[in-house]
Structure formats: structure tokens, C-alpha cells
Amino acid sequence: MSTAKLDQTVNTQVVQGVGHEEEEDHRMFGFIVFLLSESVIFLSFFAGYIVYKTNVTDWLPAGVEGLEVREPFINTVVLVSSSFVIYFAERYLHRDNLWGFRAFWLLTMAMGSFFLYGQAVEWMSLPFGFKSGVFGGTFYLLTGFHGLHVLTGVLLQSIMLARSFIPNNYAGGEYGVAATSLFWHFVDVIWIVLFILIYVWQ
Amino acid sequence: MSNASLEVTPPNLQPQPGAPDNWRRFFSFSTDHKVIGIQYIVIAFVFFLFGGLLAMIMRGELITPEADLVDRTVYNGLFTMHGTIMLFMWTFPMLNGLANYLVPLMIGARDMAFPRLNAAAFWLVPIFGVILTLSFFVPGGPSQSGWWAYPPVSLQNPTGNLINGQSLWLLAVALSGVSSIMGAVNIVTTIFRMRAPGMGWFKMPAFCWTVLSAQIIQLFGLPALTAGAVMLLLDLTVGTSFFEPSRGGDPILYQHFFWFYSHPAVYVIILPIFGIFSEVFPVYSRKPLFGYKIVVLSSLIITGLSGIVWVHHMFASGTPGWMRMLFMFTTMMISVPTGIKVFAWVATIWGGKLRLKTPMLFALGGLFMFLFAGITGIMLSSAPFDIHVNNTYFVVGHFHYVIYGAVVMGFYAAIYHWFPKMTGRMYYEGLGQLHFVLTFIGTNLNFLPMHPLGLQGMPRRVASYDPEFAFWNVLASLGGFLLGVSTLPFILNILSAWVRGEEAGDNPWRAIGLEWLVSSPPPHENFDEIPVVVSAPYGYGSNEPLVENNPTKELASEHS
Amino acid sequence: MNRRTILVLVGLAIADLFISVWVGQQAYHWMPPQASAESVLVDNLFSFMTTIGSFIFLGVVGALLYAILFQRAAKYDASDGPPIEGNIPLEVVWTAIPILLVIWIGTFSYQTYDRMSILGPMEHKAMGMSMAEAAPVASPEAEQSPINVYARQWAWEFHYPAQNIRSTELHLPVNQRAKLLLSSEDVLHGFFVPAFRVKQDVVPGQEIGFEFTPIREGRYRLRDSEYSGTYFAANQTNVVVESAEDYEQWLTTVASLPPTPAQNVAYEEFNRTTTQNPIGLGWKTVKPAPAPIVNYASSEDDFHE
Ligand code: HEA
Ligand code: HEA
Ligand code: CUA
Ligand SMILES: [Cu+2]
């Protein structure tokens, strides 16, 4: 047997071999570490926003009065409620009620998509763009970067939904579902801060 | 392929990561932490040579006052790429290499927590290395805005192309950040979750503590740099105005983003070196690490402090007085936990039975130069003095003393010390000592003259300078060339020892530590049986067993 | 510890102290001439830190060298050293000493800073209100409007608003508080005169008030200290400190001179098309601003200290 082949065998052995149950645990731990780190990116953007907002003299671009709060508020309510909905989905999964899980899971996805749609509509209607001074820049940077996370969340959710149709896949609880749901809560909390910074503090 | 085929293979035919006879695995997407470790170390060293080559051209330019050897734009590109390559392509990958190789062995794990993530993080390194190297060949040349990439200079883009040195630079730095975050998540998880039974936090080797502290810094620091880099990239390519003062932006905010990470980054680099010192001194003095607990805890204190000192790089940037004073005091506080370590090492060595093997020589030399650099660092942290020497060669002297004097010397110490473990072979002691002597003289000759230059007011990042600075610059250049020469005995030593050096045995230094209980090079998956740790890591002189079982039972019987 | 060891230790500490104080005195000679009131303060601080630094450095290195020379294992000695794992009182002492030293160095630095009271940009509204203690003479002229300093890629230009004079050399009267208003037209630059020990980044989009007091006549180098692109290294000029009479004389003479383009290294080098470097490689650069048009143009060949 050639060494190269042997290498391969050994490699697969490492990946699938000993102690795989441990690794499930590691993954959640690792994911939390990652999220903590990622939150610092948002914190940095927030800090930047606050510095600009308090220092820049012509903050709003010419002709812009301020931001409309009503629609974004509805959006916020929907996104924040989806955090509760996804929680119920998880509860159903724990009770091995797959259809209940799928229903609530799908509802979460719908609410997330509604949020994205609402944000797209808002973007279209705004009288300023990415390049309209630091206000325009930070506004689109923050909402856009967050929107990207919502989109990622919805995509992850659809993967998890699809995987729920593989028989017995979710029998022993599923890391992917738990991680996605954690991610979703994370995205929600970020949004609340963001909403307060951009829309409430004008 | 089935499990059966593995069982019939005699253990001594099992691939031993580290031995050159199956060198092909080093070019594969291997998930073995030992292979990945060596991959990191080798690629990092290649880039070290590249970055050093650029430095030697710079020293060639600086040997005369006029800008004569290379064009000014080329000189500016050279120091930008030199700094970037040395930090992002040499120190970080080198550290990840050592951490990858050593941490699982030292904590008694079979591999890292996420082997595939590990491999992916590694393979990003050559990718962004190539991007960075290729930026020499785009029109307009590589980035010429220094490794800080301060706007507005970094936004000027004289060629007007979308693909230019600066945007490639940003891309490479971003990828490096992604790779480092992946590595950090992996290492932190491994240390938290995969320590062998019995290995409580205070039975963990100091090196693992320092690696943990360093990786925590990566986790909270890098995202800030990423945020700043994203905004800079948008300014450069899309036309936003975050940092463009002519359109309402704030260039100083970028500096805060940059240094919020890049100051702690220097501790990412030095902390594992502290770890290496803490491993090497006990072995070659035959004494336990003095004050182990406080030494390892001081790493965490340094980690904490490192996040609240960054403005000391911006004392002259237009920083208000209260900020200057505040950050002056926080910076000075760093000398307390660092001093604890330094004194503990001296006490470790004191009264021991010293053996001046190559690793010990490098560690001692490194400690010597770290002390010097730390003292100039404290001087720099004093705002009124720093205002005079900021952006002069005094700063360049300070950080090369740490980064070459302590970090590179520390790396050499680590390579020599663990080389027998990694390869199963012994390096040549005579060549090693020659390497040490050349490096030690070269480093001091190169970087000591930079201090008087800086005090006299010679700015850094200049291709030409006033003639009164010529004398010290000639000395520095000679030292630089000597450092270039000093790498040759090292390369010769390592290559020839790897191929045909003497068999080293499992534990040539009679060192204590889990990695020394297994064969050299360690077998696949490291331990047959996960060791059960029963004593503290540095039991020199007290004759206690480190583990209660024999983690290499089967191998030991069938092997040798 | 017996009495002898203690005596030896005390003796060594005193020797270390003496050497360190001596090294600290040498530190003054490593600096450029002391041409401003601030430089005296900074040099004292530097000398003080050099003394403390030498003391620590020599102490630690001395101990290391002793161990290296006299505590080596014999060739075939494979035994271990004593298994000492720590010593709490000792560890407390060497935590306390750096803390005390840090407080000392920090206080000294703070006082120095306070007395220099270099005005940062945030305080520029308060300009002229706080006279630094370092200013030995406070004369009515000090109430004059500040000299405008313009930094650009890659030239310095000084504008005296009262006389409406432009110059590429900065002239200042000795023993009077110099007041400048720094501004940049393109990127970051840095105003740096080593002989004055003062430095301030010039930030585009801001006007930064900056003060110091020259105390020694002579011609000194003024350098750009914040990397500003291709010709950064060449962005230097001189500052002339002269007696009040000479200064007035200079102002009146120059006021009568017609504006002419000054010598400018960056602009000239840029317009010399060929690269004469052995490695005949060069990349596209930002075009330098044309040489400033000034009443008084300095020359690169002028002698400076
Ligand atoms: C691994 C790298 C490394 C390390 C470990 C350090 C360590 C320190 N550095 Fe350094 N530094 C750099 C790398 C590093 N630095 C780099 C790369 C730059 C320049 C970047 C650039 O501009 O491009 C820089 C620049 C830099 C500046 C900015 C200068 C300027 O631009 O104007 C300052 C200012 O405060 C500073 C301070 C310090 C201090 C206080 C420490 C301290 O951590 C040192 C602490 C150690 C000791 C003090 C010695 C041991 C202690 C004792 C024996 C106890 C008793 C001692 C006392 C009480 C004094 N450094
Ligand atoms: C780990 C970090 C690291 C290391 C190891 C070094 C190593 C060296 N550095 Fe530096 N340096 C930096 C990090 C580092 N540097 C940084 C961050 C900056 C700031 C950049 C900025 O301002 O933006 C800087 C800036 C800097 C400057 C200031 C430039 C300026 O401001 O104008 C100088 C000047 O002398 C210099 C010199 C050197 C020299 C001579 C070495 C020597 O030690 C190198 C020794 C040489 C070798 C080790 C190479 C050996 C090669 C061969 C023998 C050829 C074989 C080649 C092949 C096979 C390809 N460096
Ligand atoms: Cu698979 Cu741990
Ligand atoms: Cu720093």
C-alpha cells in the first residue's frame, strides 16, 4: 500500500473517527466564540457612527430632514417577534414534533424575509445615497451590513428546513438548528441597538 | 478502504508527520495539526526571507543619504510591503504554526477541535500571500502608504485603476483577518474543551496560557481592524467619504480603528514568545518555572491591558491632552505584569544548572533584547518624550528590538528546542551556535544605531536624509546585511539535519511535558491512550511523574 | 541571607545607581541642541527615564550574566537544580517596585507635559489663554495673530498675516512665544523641529493652533513627520530663530520683495523625467503641487545645525 493512500485513510479516520460526540459540543462552543468576536465588528461600526454623529457639522445631507420612523418600526416589531417564533420552533423540535417545528420555522423565515423586503422598500424611497456624506455612508453601511446578516440567517434557516426532511436527521437534537437560532437572536439584538442609534436618536 | 487495512499496518509504517520521506503530505489539504503546524512554519519562514530581502534593499538605499539606489516610489512600496509581510505573513502564521503543532500535544489532545477549519485557515495563508506578492506587478505598484495605510494618502490612488496596490493590500489583510479568526476560534475551543483529564487550568504549560491570551486578543481586536478596513475599501473603490476629509470624513477615526487592533497585535506576537521563554528556561536551567501561577496569570492581565492603550501611537495625531495623559498611564501599567514575567525568568535561571544549548542561547539573547526594547517602550509611552521621537527612527529601533531581538530570537529558540520532536532528528549544535552569534551581533549592530538617529530627529519612512545622519546609517546597514547572512547557517542546519541528522530520541533534553512522552516525531493522533495528568508542568528536581498512565503503551512496545 | 550577602547586594545596587546616574547625564548629549524652552523640559525627562531604565537594565542583565558565567552545569552533570517553585514575599516586592516606578515616571511625565502645555487641536479655541510656564518672556507681541503654516504635497509655506508676507523659511524671534496655525491642503503632514522637541500632525480639514518658545538663535531643520506619500522625505525646510531686531528687519525687508517661485525638491524631481536609479523602476505618483510663490525663498544649501 502506498503512503499516499494510507494518508487518505488516516485522514478520514481522523475526521470521522474517535470522539465525535465531543465535537458536537465543541462546535457550539466555537460558534459562540465566533459570535462574540463578530459582535465587535458591529460595536466598531456603532462606535464610528456615534463619533461621526457627535462630531460632524453638516450631518444630514442637504435637503434631508431626517428618517421616517413608522415603517422601520413595524419592521422592527416583526423582526423582534420572530425571535420568539423561532424559539417555539425549537421547542417543537425538542418534543419531536417535526411538523410543528417546520411550521414555526417557516414563519420565522417569512418574518425575516418581510424585514428584508421592508428594508429594500425603505432604501428605494430614500432621497440620499451611499455617497451622500458620512451620514449616507454610515446609514447604508450599518443597515446593509445588518441586512446581510438577516439574509444569511434566512439562508441558513432554509438549509435547516430542507435538512429536516431527511429521515431521522434531527432525531438526537441538531447542532445546526440550535446554532441558526442563536444566530437569529444575535441578529435581532444587533438590530435593536441599531434601530435606537439610527432611528430613535435623531 | 476499511478499518481493517489500518489494523494490519504495522505502527512503524504509520505516516509520521514531520519526517521528510512523506513530504508530499505537506502539500496536501491535510487535517493533521502537526502537518498543518509545519506547513505554517515553513511558509512563514519563506515569507520572512522575502520580507528580509526587501529590508536589505531598503538598507542598501539608506547606506547613502541620497535617494539613489531605488526610486522613491519603490522605496515607499518596499517598506510598506516589508512591514506588512513581516507582520501578516511571518509573525502571525509562525505563531499559528507553533500553536498548532504544540498545543494539542501539550494539553494531551489528539488534534485540534476543528481539523478541517484548521486546514482551511492555513490554506488562506498562501492565497493572501500570493495576492500581496502579485501587487508588485500591477500598474502603480504595491501599496505605498505604509503598513498603517493611513488615509488620505492610502486613498490617493494615482493610477485611477480599481485594481491597484492598495485595494489588493486591503484584500490580503482582510483574508489574513479571516484566517486568523478561524484559527483563533479553533485554538480557543481546543484549549477550553480538549485538555486531558487531570489537566486543570493551573497544570497547563505556560505556552498554552500565552497562546490562549494571544488568541483572545485576535478575537476582540481583529474585528475592529476589519471594520476600519471595510470602510477604507469602500472609500477607495465605491467613493464613500468615511475617511476623506475633503468630503466631511474623519481620517483620525481610521487611526483609532487601526490601532485598536494593531497595538494589541504586538502582544499577540510577543505573548507566545513569553510562553516559549517560560518553556525553555526551566528545561535548560533544570529548575521549575519560578512563580508559575502569577506568570501565567500575568498573560491574561497583559491581554486585558492591551485593549486600553492604543492611543499611545497617536500622541502627535491631534489627540487632546486628557487622552494623552490617560493613555500614557495605561500604557505604563503594562510594565508591571511584564516585569513580573521578566523577574520570574531571572529567578528561574538563578541558581540553576545552566546548559547553554542553542535554544537556551536564543532565549537568553531574546530576553536581553526584550528588556532593552521594553525600556525604550516605556520611554515612548511618556507622551512629552514621545512627541519628540514619534515617527522617528527611535520608534523603528524600539520595535525592531522587540520584534527581531525578542520575537525572531524566540522563534529560533522554539524551532531549535522542538526540532528534535518535530523531525526525530538533532540539529547541529555548532552551526546553531554560529547562527546565534551572528544573529546577536547583527541585531544589535542593525538596530542600536537607530536610537541615536531617532533622538537626533531622523524621520522614519524616508528614502533620503540629511548628511549628518550618514554615520549611524552605515552601521545599521552593515548590521542589516549581517542579519541577512546570519540566516544562512540556520537554513543549512535545518535542511541538512532534517534529511540526515542524527536520530534524536524521544526526549533529548530530558524535558518534562506531555509532548516529550510520545515518540519523535509523534505518531498520528499523538497519544494511544489519553494521558491522565497528575502533577504541575515544571517538576524539575522533584522527581514526580507527570502522568499516571503511559500514553504510548502500544506504540512503545511495538516500536523500536 | 547572611550579613555578607546583604552587604554585597547593597554594594552592587549602589554601583548600579552610580553608573545609571552617569548614563542619565550622557543622555543630554544624544539630543539635538536645546533651542526651545520645551526642549529643556523634555531633555530632563529623558535623562531621568534613561537613569531609571539603565538601573533596571543593568540590574537584570547583571544577574543574568552572573548566572551564565558561574552557574553552568558541569559537562557530565545531569542533575537538576533545586526545586524552588516561587517565593511569595519576593514576588510581592517585584510587583510593587514596578508599580512605584511607573507612578514616579508617570508623575514626572505628567508634570513635564503640564508645563509644556503644548496646545492640542481640541483646545484651539482656548488659544492664547494659557501661557505655558515654560515661556520665560511674555511680551505684548505674543498677542499678535498666529503665523499660518500651510503643509502640502510636498512643500511648506509660511504666511505672516500682519505683514502679508509669504516665505518657505520660518522666521521666529527668540525668547518669544511662537504661535502657529497649522493647516494642510491634502493629506496628513507633521510639523516637527527636532531642536524644539515639538511635533504636531497637521490634519486636513482642521486648523490646529500650536505654540512653543524658541530660546536659542540659529537655523534648524523643520521636517515633515507624518508620512505623506512619494516625496515625503524631501518635504523639509528650515526655521530661523533670531533676535527681535533681526526678526523685525527681516519682516520689513521681505515685505518689499516681489513674490517668486521657491526652490522645491519634489517638484523638480518630478519634472526630471528620467529615473537615474540602477534599478530603473518607478511607479506612478501623485503630482506634486507647484512650487509655492513666496516673497522669501529658502535654499536647500543653507547651513543648518
Ligand atoms: C512585539 C512587539 C512589541 C512589544 C512587545 C512592544 C512593547 C511595548 N511598546 Fe511598542 N511598538 C511595537 C511593537 C512592540 N512594542 C511596534 C511594531 C511599534 C511601531 C508600530 C509602527 O509605528 O509602525 C511600537 C510602537 C510603540 C509606541 C509608539 C511610538 C510612536 O509611534 O511614537 C509606544 C508608545 O508608547 C510603544 C510602547 C511600548 C511599551 C510601553 C511596551 C511594553 O509592553 C514593554 C514592557 C516591558 C518592559 C517595561 C520591560 C520589562 C519590565 C521590567 C523589567 C519591570 C520594570 C520596568 C519599569 C518599571 C520600566 N511602542
Ligand atoms: C516581524 C517584523 C519585522 C522584522 C523581522 C523586520 C526585520 C528587519 N527590518 Fe523591519 N520593519 C517592520 C517589521 C519587521 N522588520 C515593520 C512593521 C516596519 C514598519 C513599516 C512601515 O513603516 O510601514 C519596519 C520598518 C523597517 C525600517 C524602516 C523603514 C522606514 O521607515 O523607512 C527598516 C530600516 O532599516 C527596517 C529594516 C529591517 C531589517 C534590516 C530587518 C532584518 O532583520 C532583516 C534581515 C534579513 C533577512 C532575514 C533576509 C535574509 C534573506 C536572504 C539572505 C536572501 C535570501 C532570499 C531568498 C531565498 C528569497 N525595517
Ligand atoms: Cu472528532 Cu474531536
Ligand atoms: Cu502599541
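The following refers to the structure shown.

Basis of the calculations
- Residues numbered from 1 in each chain as written.
- Chains lettered and ligands numbered in written order.
- Predicted model: local features only at pLDDT ≥ 70, side-chain atom pairs only at ≥ 80, totals over all residues.
- Heavy atoms only, no water.
- Helix = DSSP H or I, 4+ residues; strand = E, 2+ residues; numbered from the N terminus.
- Donors = N, O, S within 2.8 Å, 3.2 Å for Na, K, Ca; no water.
- Buried < 20%, exposed > 50% of the residue type's maximum accessible area, 1.4 Å probe, protein only.
- Axes fitted to C-alpha atoms, helices over the stretch in contact; angles between N-to-C directions.
- Parallel < 35°, antiparallel > 145°, perpendicular 65-115°, else oblique.
- Contact = heavy atoms within 4.5 Å.
- Nonpolar A, V, L, I, M, F, W, Y, C, P; charged D, E, K, R; others polar.
- Buried area = accessible area lost by both parts, 1.4 Å probe.
- Salt bridge = Lys/Arg side-chain N within 4 Å of Asp/Glu carboxyl O.
- Polar contact = N/O pair within 3.5 Å; in protein donor to acceptor, adjacent residues only side chain to side chain.
- Near = heavy atom within 4 Å.
- Phe/Tyr/Trp six-rings, centres within 6.5 Å; stacked < 30°, edge-to-face > 60°.
- Pairing = 2+ DSSP bridges.
- Tetrahedral: all angles 85-135°; square planar, octahedral: opposite > 155°, others 65-115°.
- Left-handed = near helix turned anticlockwise from the far one by under 90°.
- Patch = residues over 30% accessible without salt bridge, like charges linked within 9 Å, V, L, I, M, F, W, Y side chains within 5 Å.
- Areas by Shrake-Rupley, 256 points an atom, 1.4 Å probe, with all protein chains shown as cover.
- Lys, Arg positive; Asp, Glu negative; His and termini not counted.
- Charge placed at Lys NZ, Arg CZ, Asp CG, Glu CD.
- Expected span 1.5 Å × (residues − 1).
- Bend = angle between axes of the 7 residues up to and from the residue.

So, about unusual backbone geometry. With an omega dihedral of -10°, the bond running from Ser520 of chain B to Pro521 of chain B counts as a cis peptide bond. Within the element layout of this structure, Pro521 of chain B appears in the loop between strand S2 (502-503) and helix H17 (553-558). Along the chain, Gln153 of chain C connects to Trp154 of chain C via a cis peptide bond; the corresponding omega equals -5°. Positionally, Trp154 of chain C belongs in the loop between strand S1 (147-152) and strand S2 (155-160).

Another point: the coordination of the copper ion (ligand 4). Residues and elements named next belong to chain B. Here the copper ion (ligand 4) is held by the protein donor atoms His263 (ND1), His312 (NE2) and His313 (NE2), which lie 1.8 to 2.1 Å from it. We note that the donor set of the copper ion (ligand 4) lies within a single chain, spaced as H-x48-H-H. On the accessibility criterion, His312 (13% relative accessible area) is buried.

Let us now look at the packing of helix H11 (residues 358-381) of chain B against helix H14 (residues 429-447) of chain B. Residue and element names in this part refer to chain B. Two elements in contact, H11 and H14, have axes whose closest approach is 9 Å; the angle formed by their N-to-C orientations is 10°. As judged from the angle between their axes, H11 and H14 are roughly parallel. On H14, the residues touching Thr358, Leu361, Phe362, Gly365, Phe368 and Met369 of H11 are Glu429, Gly432, Gln433, His435, Phe436, Thr439, Phe440, Thr443 and Asn444. For the contact of H11 with H14, the class distribution of residues is six nonpolar, eight polar and one charged.

It is worth spelling out the interface of chain B and chain C at this point. If you look at the interface, chain B gives 99 residues, while chain C gives 91 residues. Here chain B packs against chain C, burying approximately 8000 Å² in sum over the two surfaces, 68% of which is carbon and sulfur. Inspection of the region where chain B meets chain C yields six salt bridges. One salt bridge in this structure joins Arg286 of chain B and Asp80 of chain C, with 2.9 Å as the shortest N-O distance. Applying the counting rule to chain B against chain C returns 30 residue pairs in polar contact (both at pLDDT 80 or more). Elements represented by at least two residues in the side of chain B that touches chain C include exactly helix H3 (72-107), helix H7 (251-285), helix H8 (292-306), helix H9 (321-333), helix H10 (335-349), H11, helix H12 (383-389) and helix H15 (450-456) of chain B. Broken down by element, the residue count for the side of chain B that touches chain C peaks at nine residues, all from H10 of chain B.

Here the focus is the site of ligand 2. Residues and elements named next belong to chain B. Neighbouring ligand 2 are 34 residues, the closest being Arg59, Tyr75, His82, His400 and Arg461. Between ligand 2 and Arg59 there is a distance of 2.6 Å, counted from an oxygen atom to a side-chain nitrogen or oxygen. A distance of 2.9 Å is found between an oxygen atom of ligand 2 and a backbone nitrogen or oxygen belonging to Trp147. Those elements that place two or more of their residues in the shell around ligand 2 are helix H2 (33-62), H3, helix H13 (393-423), H14 and helix H16 (470-500).

Next up on the list: the packing of aromatic side chains. Residue and element names in this part refer to chain A. With the rule as written, the count across this model stands at 97 aromatic pairs over all chains. Both rings, one in Phe128 and one in Phe135, keep their centres 5.0 Å apart while their planes meet at 55°; by these two values the pair is tilted. Relative accessible area serves as the criterion here: at 5%, Phe128 is assigned to the buried category. On the numbers, 5.8 Å between centres and 65° between planes, the contact of Phe128 with Tyr140 is edge-to-face. With Phe128 in the loop between helix H4 (98-125) and helix H5 (133-163) and Tyr140 in helix H5, this pair connects stretches of sequence that are twelve residues apart.

What follows deals with the sheet that holds strand S6 (residues 189-193) of chain C. Residues and elements named next belong to chain C. In space, the five strands of this open sheet follow the order S4-S10-S9-S6-S7, with mixed pairing throughout. Here the strands that pair on one side only, and so sit at the sheet edges, are strand S4 (170-173) and strand S7 (198-202). Shown here is a sheet whose adjacent strand axes are inclined to one another by a mean of 25°, direction ignored. Bridge count between S6 and S7: five bridges; the pairing is antiparallel. Each residue of the ladder has a partner; that of Val193, found in S7, is Val198. Lying on the sheet, helix H4 (residues 244-255) is in contact with S4 and strand S10 (236-242); it crosses S4 at an angle near 140°.

Time to look at the coordination of the iron atom of ligand 2. All names here are of chain B. For the iron atom of ligand 2, every protein donor is listed as His82 (NE2) and His400 (NE2), and the spread of their distances is 2.0 Å. Around the iron atom of ligand 2 sit six donor atoms; with metal-centred angles ranging over 86 to 180°, the donor geometry is octahedral. With His82 in helix H3 and His400 in helix H13, this pair connects stretches of sequence that are 318 residues apart. Pair check on accessibility: His82 and His400 agree, each one buried.

In the vicinity of ligand 1, 32 residues are found, and the nearest of them are Trp147, Tyr267, Asp386, His398 and Arg460 of chain B. In this structure ligand 1 sits where residues from chains B and C come together. Within the side chain of Trp148 of chain B, an N or O atom sits 3.0 Å from an oxygen atom of ligand 1. His398 of chain B places a polar side-chain atom, nitrogen or oxygen, 3.0 Å from a nitrogen atom of ligand 1. Secondary-structure elements contributing two or more residues to the shell around ligand 1 are H7, H10, H11 and H13 of chain B together with helix H3 (88-116) of chain C. Per-element tally for the shell around ligand 1: the top contributor is H11 of chain B, with seven residues. Residue composition of the shell around ligand 1, grouped by class: 19 nonpolar, eleven polar and two charged.

We now examine the packing of helix H3 (residues 70-94) of chain A against helix H6 (residues 175-200) of chain A. Packed helix pairs are specified by the crossing angle of their axes together with the interaxial distance, meaning the distance between the axes. All names here are of chain A. Following both chains from N to C, one finds H3 and H6 inclined at 160°, their axes separated by 10 Å at the closest point. Between H3 and H6, the interaxial angle falls into the category roughly antiparallel. The hand of the H3/H6 crossing is left-handed. Residues Pro72, Phe73, Thr76, Leu79, Val80, Ser82, Ser83, Ile86, Glu90 and Leu93 of H3 form the contact with H6, whose participating residues are Val177, Ala178, Ser181, Trp184, His185, Asp188, Trp191, Ile192, Phe195 and Tyr199. Class assignment for the residues of the contact of H3 with H6 results in 13 nonpolar, five polar and two charged.

Residues and elements named next belong to chain C. On the surface, Glu217, Glu245, Asp246 and Glu248 cluster together to form a negatively charged patch. Tracing the chain through its elements places Asp246 in helix H4. For Asp246, a relative accessible area of 42% translates into the label partly exposed.

What follows deals with the side chain of Glu244 of chain B. Checked against the element boundaries, Glu244 of chain B lands in the loop between helix H6 (206-237) and H7. The contacts of Glu244 of chain B, once residues within four sequence positions are left out, are Leu155, Asp235 and Gly249 of chain B.

Structural remark: α-helix, 3.6 residues per turn; residues separated by three or four positions point the same way. Residues and elements named next belong to chain B. The terminal C-alpha atoms of H6 lie 45 Å apart, and with 32 residues this matches the ideal 46 Å at 1.5 Å per residue to within 8%. Roughly 30° is the biggest bend found in H6, and it falls at Gly221, with proline Pro223 one to four residues downstream. Counting buried residues in H6 gives 26 out of 32 residues, a clear majority hidden from the surface. Phi turns positive one or two residues past the end of H6, at Gly239, with a value near 100°.

Once that is clear, we can look at the sheet that holds strand S8 (residues 208-212) of chain C. Think of a sheet as strands paired side by side through backbone hydrogen bonds, with each pair either parallel or antiparallel. Residues and elements named next belong to chain C. With respect to topology, five strands assemble into an open sheet ordered S3-S2-S1-S5-S8, the strand pairing being mixed. Where the open sheet ends on each side, the last strands, each with one partner, are strand S3 (165-167) and S8. Averaged over all pairs of adjacent strands, the angle between strand axes in this sheet comes to 25°, irrespective of strand direction. Helix-sheet contacts for H4 involve S1, S2 and S3, and the interaxial angle to S3 is about 100°.

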